[in-house]
Amino acid sequence: MDNVIVATHPHTHETAQGEEHAHIALPQHRHHFETQEQQREAGTFGMWLFLLTEIMFFGGLFFSYLLYRNWYYDAFVVASNQLSVPLGGINTAILITSGFFMALGVWAAEVKKKGLLVLTLILTMLFGCAFIGIKADEYHEKWEKHHIPGDHFDVSEFVNPHAYGLKEEPLPPDQAAHTQIFFSLYFAMTGLHALHMLIGLGILVWLTIRAHRGDFTAGYVAPIENFALYWHFVDIVWLFLFPLLYLINRHPV
Amino acid sequence: MTEQHDASNITNPEHAAHHIVTPVTYTIVFVTLLIFTGLTVVAAYIDMGILNPVVALAIASIKAVIVILFFMHVKYQSKLIKMTVCAGFFTFAALITMTLSDYISRAWGLW
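Just so it is clear, the model here is predicted, and its values are computed rather than measured.

## A few points about the overall build of chain A
Check the secondary structure of chain A and you find nine helices and zero strands. Looking at the 253 residues of chain A, the share that counts as buried comes to 35%. Within chain A, contacts between residues at least 6 apart in sequence are counted, and of these 75% link residues at least 24 apart.

As structure tokens, this is what we get:
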């Protein structure tokens, strides 16, 4: 590997073009990149740097979850058991399906199939919307049961579970109040995740319009590829949220 | 490595080939992810004591690695990208470890 800095071997961009390699003159190729592959790698690199900041961003929430779960484990268990495993499981499958179509979309763009690309992007959107819809239904149920942290939070199901037909052990009132911490984290983490999905869905609309125009099926796939990285990252966050929030203790002895 | 002078890293072989992942691979990954999702639900209903959260996190991590390697193409990327991804997760792990060691040791001997 050469460690010589470029200045010791003077050549201008123009001479490099003629002598060392031929440029592929595609409209998306920026002049400050030597080759299209270099441009592509730089783009991927930048996208990953952004995703790393996202890891730290969500990571802080995962860390608070870890601490509070250890401190108030009993409250976390009963609060977690309020969430619906079928809904959470179906939503996980829906999100994986959405990611699958997004991955197919990248392939479609790379092999320059315009119709297929538009179709996969629309399917990605549809499954994304289905996820948000189920999430909204779950939120609404929490709203009706007064399980949203705040002045109107209702601990009665946790203090006196048998009256509600629940098989949980009753919690003392001070412990029951800590279920609010679980729900705070639940809404913060799933809410932030849902916000990322809503932003993603907005970008998807724009990408679909451009894909329909044929922007990404003539050799320029970077926007599709980098958006796919974002979409898969959001999927990964949910892959952790689902077991951590929904499946804390589903096997009462 | 070529003898030719290549200071600006143009002929880097890692730049040359762009790997297109096929729908077959994506389908295998998709099915695998669904199976693991089923597994994590089943595992949650089995009482394994302290191992329950460990198993849940292990399954989630396996799924995440599969997504990163195949859906996010990291398996087919250059060393630069692989290093970047690893560095990110390493930094996150380091931050978690350091913060946790503070929480664990702050009241050391007082309980």
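Still more ground to cover, so stick around.
## Observations regarding the confidence of the model for chain A
Mean pLDDT for chain A: 89, with 89% of residues reaching 70 or above. Confidence drops under pLDDT 50 across residues 15–19 of chain A; counting only partners more than four residues distant or on other chains, this segment forms two contacts.

## A short note on the nonpolar core
Counting 74 residues, the largest nonpolar core has A:Ala103, A:Ile224, A:Ala228, A:Val237 and A:Leu241 as the members making the most contacts within it. The set of elements that each furnish at least two residues to this core consists of helix H2 (36–71), helix H3 (73–80), helix H4 (85–110), helix H5 (114–144), helix H8 (179–213) and helix H9 (222–246) of chain A together with helix H2 (23–44) and helix H3 (51–71) of chain B. If one sorts the elements of this core by residue count, H9(A) sits on top with 17 residues. Ignoring any residue separated from it by four or fewer positions in sequence, one finds A:Ala228 in contact with A:Met102, A:Ala103, A:Gly105 and A:Val106.

## Digging into the interface of chain A and chain B
Chain A puts 46 residues into the contact, and the matching count from chain B is 42 residues. The dominant element in the side of chain A that touches chain B, judged by the number of residues it contributes, is H2(A), at 13 residues. Across the side of chain A that touches chain B, the residue classes tally to 27 nonpolar, 11 polar and eight charged.

## Considering the packing of H2(A) against H8(A)
All names here are of chain A. Remark: H2 packs on H8, axes separated minimally by 11 Å, with the N-to-C direction vectors making an angle of 160 degrees. In terms of orientation, H2 lies roughly antiparallel with respect to H8. Both H2 and H8 take part in a crossing whose hand is left-handed. Together, Leu61, Ser64, Tyr65 and Tyr68 of H2 and Ile181, Leu185, Ala188, Met189 and Leu192 of H8 make up the contact between the two elements.

Thresholds applied
- Residues numbered from 1 in each chain as written.
- Chains lettered and ligands numbered in written order.
- Predicted model: local features only at pLDDT ≥ 70, side-chain atom pairs only at ≥ 80, totals over all residues.
- Helix = DSSP H or I, 4+ residues; strand = E, 2+ residues; numbered from the N terminus.
- Buried ≥ 20, exposed ≤ 12 C-beta atoms within 10 Å, placed from the backbone.
- Contact = placed C-beta atoms within 7 Å.
- pLDDT = per-residue confidence, 0-100.
- Core = buried A, V, L, I, M, F, W, Y, C linked by C-beta atoms within 7 Å.
- Nonpolar A, V, L, I, M, F, W, Y, C, P; charged D, E, K, R; others polar.
- Axes fitted to C-alpha atoms, helices over the stretch in contact; angles between N-to-C directions.
- Parallel < 35°, antiparallel > 145°, perpendicular 65-115°, else oblique.
- Left-handed = near helix turned anticlockwise from the far one by under 90°.

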